[in-house]
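# Architecture and fold: a report
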Amino acid sequence: MTGMDPGDGTGWRDDVFRVLKAHGVRHVAYVPDAGHSAAIRAAEADPEIQAVVLTTEEEGLGYLAGAWLGGEKGALLLQSSGVGNCINTLALQACARFPLLMVVTMRGDWAEFNAWQNPMGQATEAALRLMGVLTWRADAPEDVAPLLHGAATMAFNGDAACALLLGQRLIGEKQWVK
Amino acid sequence: MGEVNAGGALDRRAVVARLLADRADLLVVTGLGSPSYDVMAAGDHDGNYYLWAAMGSAATVGLGLAKAQPGRPVLVVTGDGEMLMGLGALATLAVQNPPNLSIAVLDNGHYGETGMQLSHAGRGLALDRVAAACGFGWTAAIDDMAGVDALRARVAARAGLSFARIGVRAENPPRVLPPRDGVHVKNRFRAALGFQPI
């Protein structure tokens, strides 16, 4: 399926990093996730990009606020479970109107094998909205680039917190038995 | 472990005033609570960013700033409780290892803002040893003003990623409140670096 595209330069997985670069992103903070592997690999390999691995997702909110204070744009790559870790820290973006661009790979969303992912996955979009984050959702490969472009535009031109959710059906069903 | 090790003997306002004296091109990020009041008491400055929430984020805000402004020294001034809420950030900072970033933890061993309850640091946790274990190339436990002077010189020289635990008395001097308008302080800070509002 298209969603399993490993990142060969043509699919949505490569669109993520391409769109971030086109918007002048210089910092990519992330907690690893298989769905973000192509963007993480590209960020780590790009000498113009500061790639920052985090121990927990809310570190990225502080980091990107600091980078913006210093005049530079960034993005946070995380999984839906990590959105839960960010909730209180989002006060920083809400009160100081720091631009924030989050790209969230969904779990507990479609064909989830591990039901322990379901509570946060089902609450992810509502939780973000409760904290004032604007959200969009991509379930088809061709929607990723335009929706990420839209989110980046509104984050960096509107001092807004914006999140693009990448649906689990887009990413592909995790194979648990080999 | 017990209260015998809580905090230290230094006056927090004197420590911060010394750290920020003749600050030149220094950029400062403060953790919420008393460290923000201490930095404000030393004099408001366009190069200060005061946090009022997002507890545990002072070190990572400093990291992002230091990476975006490698030519400027960046000093994070925070407390032991705030640092404890973001301990994982010490690992993230050490991996990035920016030479222009320093963390100064004013360790009074207590949560001063909420009624002086003992913190983990006050119960014996040595935060400088945590930073060392995470990979900081330079850490110090500072108990006198000569140590503060040495830290100040190191910060200004951008001599390498640094972590200092500074032992201060468990007391709350009169509050000196920094501005609470986060948008104003953000735009003021960026303007001082030459960046305009959107």
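Keep in mind it's a predicted model, so treat the numbers as computed, not measured.

The helix and strand inventory of chain A stands at 8 helices and 6 strands. Reading chain A from its N terminus to its C terminus gives the helix and strand order α-β-α-β-α-β-α-α-β-α-β-α-β-α. Whereas a compact globule of 178 residues would reach a radius of gyration of roughly 16 Å, chain A reaches 15 Å, a difference of no more than 12%. Expressed as lengths along the three principal axes of its C-alpha atoms, the size of chain A is roughly 45 × 35 × 30 Å. Long-range contacts, defined as pairs at least 24 residues apart, comprise 74% of the intrachain contacts of chain A with a sequence gap of at least 6.

Before going further, it helps to spend a moment on the sheet that holds strand 7 (residues 138-142) of chain B. Residues and elements named next belong to chain B. Judged by pairing direction, the sheet is parallel, and its 6 strands sit side by side in the order 2-1-3-4-8-7 without closing on themselves. The outermost strands of the open sheet, each flanked by one partner alone, are strand 2 (48-50) and strand 7. Taken pair by pair, the neighbouring strands of this sheet meet at an average axis angle of 15 degrees, ignoring direction. Pairing analysis gives 6 bridges linking strand 4 (residues 101-107) to strand 8 (residues 162-167), with the strands arranged parallel. Along strand 8, the bridge assignment pairs Ile103 with Phe163. Contacting strand 1 (27-30), strand 2, strand 3 (74-79) and strand 4, helix 2 (residues 34-41) runs over the sheet at an angle of about 130 degrees to strand 3.

Residues and elements named next belong to chain A. It is the contact of helix 1 (residues 12-22) with helix 2 (residues 37-45), at a shortest axis distance of 8 Å, that shows an interaxial angle of 40 degrees. Between helix 1 and helix 2, the angle falls in the class oblique. Our pair here, helix 1 against helix 2, has a crossing hand that is right-handed. Of the residues in helix 2, those touching helix 1 at Arg13, Asp14, Val16 and Phe17 are Ala38, Ala39, Ala42 and Ala43.

In this section: the environment of Gly56 of chain B. All names here are of chain B. You can see Gly56 is positioned in the loop between strand 2 and helix 3 (58-68). Each C-alpha atom of the pair Gly56 and Met85 lies 4.7 Å from the other, and the pair is 29 residues apart in sequence. The contacts of Gly56, once residues within four sequence positions are left out, are Glu82, Met85 and Gly86.

Looking now at helix 1 (residues 12-20) of chain B. Residue and element names in this part refer to chain B. Listed in full, the buried residues belonging to helix 1 are Arg12, Arg13, Val15, Val16, Leu19 and Leu20. Along the axis of helix 1, the buried positions cluster into a sector of 160 degrees, meaning they face one direction only. Residues of helix 1 that are buried in the fold lie against helix 2, strand 3, strand 4, helix 7 (145-156) and strand 8. Of the residues flanking the end of helix 1, it is Asp22, one or two places downstream, whose phi is positive at about 50 degrees.

Before going further, it helps to spend a moment on the pairing of strand 4 (residues 100-105) of chain A. All names here are of chain A. Here strand 4 lies mainly inside the structure; 6 of its 6 residues are buried. Here strand 4 shows a buried face lined by Leu100, Met102 and Val104 and a second buried face lined by Leu101, Val103 and Thr105. Looking at chain direction, strand 3 (residues 73-79) and strand 4 are connected through 4 bridges and run parallel. Bridge pairing links Leu76 to Met102 in strand 4. The pairing of strand 4 with strand 6 (residues 161-166) spans 6 bridges and is parallel. Considered in strand 6, the bridge of Leu101 is made with Cys162.

Right, let's get into the sheet that holds strand 2 (residues 50-53) of chain A. The pairing of strands in a sheet happens through backbone hydrogen bonds and is either parallel or antiparallel. Residue and element names in this part refer to chain A. The 6 strands lie next to each other as 2-1-3-4-6-5, forming an open sheet whose pairing is parallel. Across the chains shown, the open sheet's two edge strands, defined by having one partner strand only, are strand 2 and strand 5 (134-138). The mean inter-strand angle of the sheet, taken between neighbouring strand axes irrespective of direction, is 20 degrees. Relative to strand 2, strand 1 (residues 25-30) runs parallel, the two sharing 4 bridges. Pairing of His27 across the sheet is with Gln50, part of strand 2. In the packing of helix 3 (residues 58-69) onto the sheet, contacts are made with strand 1, strand 2, strand 3 and strand 4, and the angle to strand 1 comes to roughly 165 degrees.

Time to look at the confidence of the model for chain B. Of all residues in chain B, 97% attain a pLDDT of 70 or more, and the chain-wide mean is 96. Overall fold confidence for the complex sits at a pTM of 0.96, while the interface term, ipTM, reaches 0.97.

Conventions we followed
Residues numbered from 1 in each chain as written. Chains lettered and ligands numbered in written order. Predicted model: local features only at pLDDT ≥ 70, side-chain atom pairs only at ≥ 80, totals over all residues. Helix = DSSP H or I, 4+ residues; strand = E, 2+ residues; numbered from the N terminus. Rg over C-alpha atoms; globule rule 2.2 N^0.38 Å. Contact = placed C-beta atoms within 7 Å. Pairing = 2+ DSSP bridges. Axes fitted to C-alpha atoms, helices over the stretch in contact; angles between N-to-C directions. Parallel < 35°, antiparallel > 145°, perpendicular 65-115°, else oblique. Left-handed = near helix turned anticlockwise from the far one by under 90°. Buried ≥ 20, exposed ≤ 12 C-beta atoms within 10 Å, placed from the backbone. Arc of directions from axis to C-beta. pLDDT = per-residue confidence, 0-100.

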